[in-house]
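Below are the chains, spelled out letter by letter.
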Amino acid sequence: MRLWTWQKKGFSLTRGKVEGLKHSVYLNGPWMPECEKARFREAYKKLWERLGTDQILWFFTDEEEAKNNPSKLGHKGKVLWEIDVPDSSIFRIVCNTAWNIIIGTGPSSEKYRLVENFDDWWRAITVDEAWNMLFVDKGKLKHSLLREMIKGCTQVIIRHPVEKEWVKGSWPWKDVYS
């Protein structure tokens, strides 16, 4: 599966460690108010507890979304990495709408609203219910239609470090948007 992630310049996907709370773009962005950082910090700690590790990286499953998502200015100065990972090495598939509920940013973008009452349905979901909906069952991905339906509305978590042979390339922000 081809995947994309934005990382700090100088960060290696294939060696070293992820420095938990220091690594997060969202926790360290100057645009993020301190009250939101506290909510994110707690969400990450709970996520890492559920996963049993903080040595993870988040990836987009859709190249267009990786390059054109609303936070592209937040990626300025970073590097876009592309990897091709075997499906069997995907650690977790994440419902980004559930994650957005957990961190308090609301339902996902307009592009992925698959049902008419999408916002109403998700607004009725509690944070505890969102935690229970966070991970998509990899076994369900064997059906091609389901795989296409969730492809763009999910993100993938891969254990860090990744295998060197998975890396297909990396591009500085300025090259992606020039």
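Here the structure is a predicted model, which means the values were calculated and not measured.

Caption draft 1: Up close: the overall build of the protein chain. Counting its secondary structure elements, the protein chain contains 9 helices and 7 strands. Every one of the 178 residues in the protein chain was classed for burial, and the buried ones make up 46%. A separation of at least 24 residues holds for 80% of the contacts in the protein chain among residues at least 6 apart in sequence. A total accessible area of about 10,100 Å² is found for the protein chain, and carbon and sulfur atoms account for 52% of it.

Caption draft 2: Representation of the environment of glutamine 55. Along the chain, glutamine 55 falls in the loop between helix H3 (34–51) and strand E2 (56–60). For the pair glutamine 55 and lysine 17, spaced 38 residues apart in the sequence, the C-alpha separation amounts to 6.7 Å. Among residues more than four places away in sequence, those in contact with glutamine 55 are Lys17, Val18, Ile158, Arg159 and His160.

Caption draft 3: Seen up close, the nonpolar core. Of all hydrophobic cores here, the largest spans 23 residues; its most connected members are Leu47, Ile56, Trp58, Trp99, Ile102 and Leu134. Of all the secondary structure elements, the ones that give two or more residues to this core are H3, E2, strand E4 (92–95), helix H5 (96–103) and helix H7 (127–133). Counting residues per element, this core draws most heavily on H3, which supplies 6 residues. When sequence neighbours within four positions are dropped, the list of residues in contact with tryptophan 99 reads Ala43, Tyr44, Leu47, Trp58, Val94, Trp131 and Leu134. The next biggest cluster of nonpolar side chains, apart from the first, holds 16 residues, and it includes Val18, Ile90, Val162 and Trp166.

Caption draft 4: Main features of the side chain of aspartate 62. Here aspartate 62 shows up in the loop between E2 and helix H4 (63–68). Only 2.8 Å separates the side chain of aspartate 62 from the backbone nitrogen of glutamate 65, close enough to count as a polar contact.

The rules behind the values
- Residues numbered from 1 in each chain as written.
- Predicted model: local features only at pLDDT ≥ 70, side-chain atom pairs only at ≥ 80, totals over all residues.
- Heavy atoms only, no water.
- Helix = DSSP H or I, 4+ residues; strand = E, 2+ residues; numbered from the N terminus.
- Buried < 20%, exposed > 50% of the residue type's maximum accessible area, 1.4 Å probe, protein only.
- Contact = heavy atoms within 4.5 Å.
- Areas by Shrake-Rupley, 256 points an atom, 1.4 Å probe, with all protein chains shown as cover.
- Core = buried A, V, L, I, M, F, W, Y, C linked by side-chain atoms within 4.5 Å.
- Polar contact = N/O pair within 3.5 Å; in protein donor to acceptor, adjacent residues only side chain to side chain.

That's the geometry; what it means functionally is another story.
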